[in-house]
Amino acid sequence: MPILKNLGVSDPKVPRAGTLPLRSSRNPFEEVSGLEEEEAGELGSLPNGTSCRRRATLEKLAGLAPFRLGWAPGRRAGSPGDGQPRSFLGRVLVPGIRRSSADFGLLARLHGTRAHGDEEAAGEAARRLAFLRLGRGSKPQRASLAERVVPAGEAAPEPPPKVPEPPKMKEPLSVLEILSLIQQRELARADEHILELEAEELAPSRGGAPGPPKAEGAGGGRRARDVALLYEALQRELWALVRETLAGPGPGACAGAGAVAQLGQVLVQEEAADGRRGPGAARKLRARWAEAVARAARERLEAAAPGAPGGLAGQLEALRARLLEDMAVVRGRLAPAYPAGLGAFGVYLRGYHGALAEWLGASARRRLPLADRYALLHWHNQVYPREVLGLVDMAALENGELGPLLSPGTLRGLEDECVTDVKAQTRAALLRVLQEDEEHWGSLEDQSSSLAQDVCELLEEHTERAPRISQEFGERMAHCCLGGLAEFLQSFQQRVERFHENPAVREMLPDTYISKTIALVNCGPPLRALAERLARVGPPESEPAREASASALDHVTRLCHRVVADLLFQELQALVAELHRRALVEYVRPLLRGRLRCSSARTRSRVAGRLREDAAQLQRLFRRLESQASWLDAVVPHLAEVMQLEDTPSIQVEVGVLVRDYPDIRQKHVAALLDIRGLRNTAARQEILAVARDLELSEEGALSPPRDRAFFADIPVPRPSFCLSLPLFLGRLPLSRLARPSLACLPRPRPPSLARPRAQR
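Nothing here was measured: the structure is a model prediction, and the numbers come from that model.

Undergrad: Sorry, what's going on with the overall build of the protein here?
TA: Across its full length, the protein holds 28 helices and two strands. Sorting the 761 residues of the protein into buried and exposed places 36% on the buried side. Of the contacts formed within the protein by residues at least 6 apart in sequence, a portion of 74% connects residues at least 24 apart. Of the accessible surface of the protein, which amounts to about 44,500 Å², a share of 56% is contributed by carbon and sulfur atoms.

Undergrad: Just checking my understanding: could you explain the environment of Gly361 for this structure?
TA: For Gly361, the location among the structural elements is in helix α13 (residues 344–364). For Gly361, a relative accessible area of 10% corresponds to the buried category. Along the sequence, Gly361 and Leu405 sit 44 residues apart, while their C-alpha atoms lie 7.9 Å from each other.

Undergrad: Sorry, what's going on with unusual backbone geometry here?
TA: With the exception of glycine, the majority of residues adopt a negative phi angle, and the majority of peptide bonds are in the trans configuration. Residue Arg185 is not a glycine yet carries a positive backbone phi of 60°. In this model, Glu626 sits at a positive phi of 55°, which is unusual for a non-glycine residue. You can see Glu626 is positioned in the loop between α22 (601–624) and α23 (635–644).

Undergrad: For this particular structure, what's the right way to read helix α19 (residues 510–521)?
TA: In an α-helix, one turn spans 3.6 residues, which is why side chains three or four residues apart end up on the same side. For α19, with 12 residues, the first-to-last C-alpha span of 16 Å sits near the 16 Å given by 1.5 Å per residue. Burial in α19 covers these residues: Thr512, Tyr513, Ile514, Lys516, Thr517, Leu520 and Val521. Contact partners of the buried residues in α19: α17 (471–501), α18 (503–506), α20 (524–537) and α21 (543–592).

Undergrad: Even after reading the chapter, I still don't get the pattern of salt bridges, so can you show me in this structure?
TA: A side chain with one charge may pair with a side chain of the opposite charge, provided their charged atoms come close. Applying the stated criterion across every chain, the model contains 34 salt bridges. Put simply, Arg300 and Asp326 hold a salt bridge, and the shortest N to O gap is 2.7 Å. With Arg300 in helix α11 (residues 285–304) and Asp326 in helix α12 (residues 311–334), the pair connects residues that are 26 residues apart, well separated along the chain. According to the relative accessible area criterion, Arg300 is buried, its value standing at 16%. We note a salt bridge from Arg581 to Glu578, for which the minimum N-O separation is 2.8 Å. Taken as a pair, Arg581 and Glu578 lie in helix α21 at a separation of three residues, close to a single helical turn. The class of Arg581 is buried, set by a relative accessible area of 1%. With relative accessibility at 28%, the residue Glu578 sits in the partly exposed group. Sharing partners across several salt bridges, the network here consists of Arg412, Glu415, Asp416, Glu472 and Arg476.

Undergrad: When you look at the state of the cysteines in this model, what are you seeing that I'm missing?
TA: Defined simply, a disulfide is a covalent bond joining two cysteines at their sulfur atoms. Per the counting criterion, the structure on display carries zero disulfides. Unpaired in this structure, Cys560 has its nearest cysteine sulfur neighbour in Cys523, at a distance of 8.7 Å.

Undergrad: Help me understand the packing of helix α14 (residues 370–388) against helix α15 (residues 408–438), please; the structure alone is not making it clear to me.
TA: Axes are the key here: two packed helices are described by the angle between their axes and the distance separating the axes. Running from N to C, α14 and α15 point in directions that differ by 140°, and their axes come no closer than 10 Å. Regarding the angle of α14 to α15, the classification is oblique. In this structure, α14 meets α15 at a crossing whose hand is left-handed. Facing Leu370, Arg373, Tyr374, Leu376, Leu377 and His380 of α14, the residues of α15 in contact are Leu411, Leu414, Glu415, Glu417, Cys418, Asp421, Val422 and Gln425. Considered class by class, the residues forming the contact of α14 with α15 number eight nonpolar, two polar and four charged.

Undergrad: Sorry if this is basic, but what is going on with the nonpolar core here?
TA: Note on soluble globular proteins: their nonpolar side chains tend to be buried together. Of all hydrophobic cores here, the largest spans 120 residues; its most connected members are Trp289 and Leu527. If sequence neighbours within four positions are ignored, Leu527 has contacts with Ala452, Val455, Cys456, Leu485, Phe488, Leu489 and Leu553. Counting residues in each nonpolar core, the second largest holds 44 residues, with Leu592, Leu632, Val670 and Phe711 among its members.

Undergrad: I'm lost on the packing of aromatic side chains in this one. Help?
TA: For any pair of aromatic rings, geometry is given as the distance between the ring centres together with the angle between the planes. With the rule as written, the count across this model stands at 13 aromatic pairs. Taking 6.0 Å as the distance between ring centres and 55° as the angle between the ring planes, the aromatic pair formed by Tyr338 and Tyr348 counts as tilted. Taken together, the positions of Tyr338 in the loop between α12 and α13 and Tyr348 in helix α13 put the pair 10 residues apart, joining distant regions of the chain. No difference in accessibility class separates Tyr338 from Tyr348, as the two residues are buried. Where Trp379 meets Tyr384, the ring centres are 5.6 Å apart and the plane angle is 25°; that geometry is what we call stacked. Tyr384 shares its class with Trp379; the two are buried. An aromatic cluster is built from Trp441, Phe488, Phe492, Phe499 and Tyr513, whose rings are joined through pairwise contacts.

About the thresholds
Residues numbered from 1 in each chain as written. Predicted model: local features only at pLDDT ≥ 70, side-chain atom pairs only at ≥ 80, totals over all residues. Heavy atoms only, no water. Helix = DSSP H or I, 4+ residues; strand = E, 2+ residues; numbered from the N terminus. Buried < 20%, exposed > 50% of the residue type's maximum accessible area, 1.4 Å probe, protein only. Contact = heavy atoms within 4.5 Å. Areas by Shrake-Rupley, 256 points an atom, 1.4 Å probe, with all protein chains shown as cover. Expected span 1.5 Å × (residues − 1). Salt bridge = Lys/Arg side-chain N within 4 Å of Asp/Glu carboxyl O. Disulfide = S-S within 2.5 Å. Axes fitted to C-alpha atoms, helices over the stretch in contact; angles between N-to-C directions. Parallel < 35°, antiparallel > 145°, perpendicular 65-115°, else oblique. Left-handed = near helix turned anticlockwise from the far one by under 90°. Nonpolar A, V, L, I, M, F, W, Y, C, P; charged D, E, K, R; others polar. Core = buried A, V, L, I, M, F, W, Y, C linked by side-chain atoms within 4.5 Å. Phe/Tyr/Trp six-rings, centres within 6.5 Å; stacked < 30°, edge-to-face > 60°.

Just distances and angles here, no functional claims.
Have a look at this one:
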């Protein structure tokens with residue numbers, strides 16, 4: 001086949017006159033001429049490097065892979081910095097046009113039909129191209145364009161100055177590629193591309209330069225939907241990251257810190273973008289981040305509380321432990337990873353504070369027992385500020401104020417319920433304690449009373465817990481307990497009065513009665529001190545209750561004092577009566593001992609007068625002492641009458657009166673009295689002693705008088721004496737001896753069976 005040579009045309013693009021245009025051969029193995037190569041280079045080349053003017057086989061076309069993303073090892077398709085586009089659409093579309101989600105829907109459908117043939121087609125095409133290169137042989141050297149245009153021997157023209165190439169624009173990513181970045185948690189890069197996509201969508205509406213040509217069937221609404229969907233996916237990953245990082249460091253603590261840093265960068269980028277968008281179009285991602293933190297905190301607290309033992313107090317302790325644990329994670333690992341301007345620690349602390357407030361509010365709305373209300377109020381007012389907030393860095397907060405966990409109205413309602421329950425429970429408990437203690441008052445057993453101690457313990461349980469919650473609540477509880485104490489003391493006063501008015505109580509032994517009365521009056525001081533203490537702690541309106549308590553205690557004290565005083569006076573009157581009796585016994589005992597002998601009427605009259613004087617003095621003395629033993633006043637005057645009377649009948653009458661008034665008198669006492677009087681007449685003595693003997697015989701079956709009515713039983717007398725029969729000894733004794741009165745009566749001989757102790761001899 002003839003080959004037409006170049007005829008030295010300066011410009012190969014313009015055919016010279018008289019020449020024929022060259023036509024390329026249809027043989028695929030034939031080399032393209034230089035003119036065709038230049039034209040091919042000018043017209044462009046296909047993505048696989050072949051000229052658009054060069055013929056190609058089907059196998060070569062199969063290697064184009066127009067619907068595949070050309071992944072290269074270590075590089076991502078469409079990533080910034082790629083010098084060569086990797087996709088067919090990216091090579092055929094005008095630069096700057098972004099693939100939308102609809103393009104990737106088409107790619108997804110086509111990818112399934114070409115999945116199996118790609119690898120085989122690529123291998124077959126490579127083998128055939130290798131065969132074609134072997135058939136053609138080596139490629140000959142061709143002259144450059146400058147050599148063909150400029151004739152030999154001529155100076156080559158100077159090259160034109162180089163024009164600086166415009167900077168190569170970074171190719172925008174598609175929606176699916178941005179979604180892939182989100183799923184791989186390259187959140188900051190994904191957000192940058194989302195912002196670019198949003199800017200492209202907003203550019204025409206703002207009157208700027210016209211955007212790139214839109215694909216057929218595409219519109220602004222589709223791009224806006226793409227942006228909205230990408231933001232939703234981005235936020236799902238952001239808030240999932242918030243939850244995961246709060247759950248604990250886990251094995252990937254370093255990766256978690258990097259992800260948190262990207263989260264913070266996204267927030268900063270979005271906050272800057274909100275400034276450009278304007279108030280109406282701002283996405284407020286920072287506020288949504290705070291809401292996500294609060295949701296995560298709520299989930300953490302709700303997961304910690306239900307499994308805690310010990311009721312509400314145990315749940316609150318579990319919440320305290322979870323708060324300290326999570327805030328330590330935030331302080332040590334999460335907050336440093338965020339940008340400083342976000343105030344991450346304050347956001348997390350406020351999120352937990354708000355979640356805790358919701359939990360406590362839900363608990364407060366339930367019907368709680370009194371112990372749980374106390375626990376809730378104490379944890380709210382003392383434990384949380386001291387053991388949770390006191391351990392965190394309050395300077396990390398932006399405003400420094402978190403606000404109360406529970407509203408003032410909720411707190412007031414809880415306190416009111418506590419006061420109401422305490423009032424009802426203490427009233428019932430105090431009445432029960434009083435009833436149990438009253439049952440032992442009427443028993444004959446001497447048991448110690450713990451009434452005052454029980455009452456103080458019942459009330460101090462509440463008056464000591466309430467001030468630890470707050471001072472105001474302590475004042476209200478003190479006022480409530482003081483009112484209950486006043487009601488209790490009024491009931492106590494009424495029951496003490498009924499106790500002392502009961503006639504059966506008077507039948508108790510004096511010692512038992514006095515002991516129980518003293519136990520009742522001893523309840524006053526501790527209860528009075530409790531009332532005074534509650535009045536000092538309580539508000540000013542507690543004064544009437546304090547006065548009522550003091551009045552009831554004063555009444556009980558006066559009543560018990562009067563009863564004890566009466567019993568004491570009775571004991572003292574008995575003591576004075578016993579003293580009265582003992583004094584007269586000791587006065588009469590020497591008289592009946594037989595040492596005094598009245599041999600004349602004058603002596604008897606003088607002794608009787610002395611006895612009457614002494615009896616009058618003793619009577620005046622014991623009357624001043626309010627002695628109740630008035631029956632003792634007549635004993636000495638009776639003895640004085642017996643001493644002074646001269647006729648036997650009168651003496652008999654007086655002895656009879658003496659025996660009647662003092663039934664414990666015996667013949668030996670009368671005989672000793674007759675001896676003192678000096679009565680030696682045997683007949684007269686027998687007549688007088690017969691009166692005492694008859695009364696003694698008549699009262700043998702009767703009971704002996706009680707101890708407080710006995711007088712002569714405590715007066716011992718010597719052995720009764722007997723008189724010798726004078727006719728038996730008249731011839732043997734001289735008259736001078738018989739005239740002596742000491743020999744007239746001799747002691748009666750002692751019976752041999754009775755042996756006196758040595759001490760009485």
